[in-house]
Amino acid sequence: MKPLLLVTVVSAATLLGGCSLLTAGEPHNSRYPVEIIETQPAKVAMVRVTQVGESLRVTGTVRKPYEFRLPGTVDITLCGANAELLAYARPGITGYASKRGGMQEARFAADLPALPDEAFLRVRYNPPGGAQEALGCR
């Protein structure tokens with residue numbers, strides 16, 4: 001390959017790869033704003049909200065830097081415009097059976113009623129063991 005053609009191909013691949021990375025890490029994609037509450041050592045990494053008929057399907061992933069032992073739960077709260085509680089779900093997480101090292105991912109899913117456009121979601125991972133109070137709207 002000629003050097004100029006090689007530089008052009010590498011530059012184009014870098015540009016296209018960089019543009020796709022900007023949109024790949026979207027934490028959510030819905031008309032409802034999503035607030036992810038940070039927790040340690042695991043955290044909610046991604047939330048996706050889709051409308052299914054008259055309800056909302058909330059799915060996402062929890063990431064942890066090593067193996068999940070007792071996986072815990074995820075709090076999902078749907079709040080109104082003036083911070084009133086409209087709906088609540090506490091699904092367990094699944095897909096954590098891997099014994100390999102490194103970053104581990106687990107999934108969660110819950111159904112909530114579809115509500116006004118002014119509503120917003122709050123999402124938090126709950127570690128196993130301790131009884132945490134439900135996630136509120138404030």
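Before reading further, recall that the structure is shown in the block above.
My aim in this report is to walk through the structure given alongside it, one point at a time. (Residues numbered from 1 in each chain as written. Predicted model: local features only at pLDDT ≥ 70, side-chain atom pairs only at ≥ 80, totals over all residues. Heavy atoms only, no water.)

Comments concerning the sheet that holds strand 3 (residues 55–64)
Sheet strands pair via backbone hydrogen bonds, and the direction of the pair is either parallel or antiparallel. For clarity, the threshold we go by: Note on pairing: two strands pair once DSSP finds at least 2 bridges between them. Here a helix means four or more residues in a row that DSSP labels H or I, a strand means two or more in a row labelled E, and each is numbered from the N terminus. Axis lines are fitted through C-alpha atoms, for helices just across the contact stretch, and the angle between N-to-C directions can take any value from 0 to 180 degrees.
Here three strands make up an open sheet; going across it, the order is 2-3-6 and the pairing antiparallel. Looking at which strands have only one partner, the edges of the open sheet turn out to be strand 2 (43–52) and strand 6 (104–113). Within the sheet, the average angular offset between the axes of one strand and its neighbour, ignoring direction, is 20 degrees. Judged from the 10 bridges that link them, strand 3 and strand 6 form a sheet pairing that is antiparallel. Residue pairing in the sheet places Gly60 in a bridge with Phe108 of strand 6.

Comments concerning the sheet that holds strand 5 (residues 85–89)
Ordered by their spatial adjacency, four strands build an open sheet running 1-7-4-5, and the pairing between neighbours is mixed. The open sheet is flanked by strand 1 (34–37) and strand 5, the only strands paired with a single partner. Within the sheet, the average angular offset between the axes of one strand and its neighbour, ignoring direction, is 20 degrees. Relative to strand 7 (residues 120–126), strand 1 runs parallel, the two sharing four bridges. Looking at strand 7, one finds that Val34 is bridged to Leu121.

So, the side chain of Thr61
What counts here: The buried label applies to any residue whose accessible area, calculated with a 1.4 Å probe on protein chains only, is under 20% of its type's maximum; exposed applies above 50%, and partly exposed to all values in between. Note on contacts: a residue pair is in contact if any heavy atoms of the two residues lie within 4.5 Å.
One can find Thr61 in strand 3. Note on Thr61: relative accessible area 10%, which makes it buried. Ignoring sequence-local partners within four residues, the contact set of Thr61 consists of Lys43, Val44, Ala45, Met46, Glu105, Ala106, Arg107 and Phe108.

Some details on the nonpolar core
Inclusion rule: To form a nonpolar core, buried Ala, Val, Leu, Ile, Met, Phe, Trp, Tyr and Cys residues must be joined to one another through side-chain atoms within 4.5 Å.
By size, the foremost hydrophobic cluster in this structure holds 23 residues, and its most contacted members are Val74, Phe108 and Leu121. Listing elements by their share of this core, those giving two or more residues are strand 2, strand 3, strand 4 (73–79), strand 5, strand 6 and strand 7. Among the elements that make up this core, the one with the highest residue count is strand 6 (four residues). If sequence neighbours within four positions are ignored, Val74 has contacts with Val44, Val62, Ala89, Arg90, Pro91, Ile93, Phe108, Val123, Arg124, Tyr125 and Asn126.

A closer look at the pattern of salt bridges
Stated formally: We define a salt bridge as a side-chain nitrogen of Lys or Arg found within 4 Å of a carboxyl oxygen belonging to Asp or Glu.
For the structure shown, the criterion picks out five salt bridges. Between Asp111 and Arg57 there is a salt bridge whose closest N-O contact spans 3.1 Å. Here Arg57 lies in strand 3 and Asp111 lies in strand 6, a separation of 54 residues in the sequence. Judged by relative accessible area, which is 31%, Arg57 ranks as partly exposed. For the salt bridge of Asp75 with Arg124, the shortest nitrogen-to-oxygen distance reads 2.6 Å.

A short note on the side chain of Lys64
Following the sequence through the fold, Lys64 ends up in strand 3. For Lys64, a relative accessible area of 11% translates into the label buried. Other than its neighbours up to four places away in sequence, Lys64 contacts Pro41, Ala42, Gly102, Met103 and Gln104.

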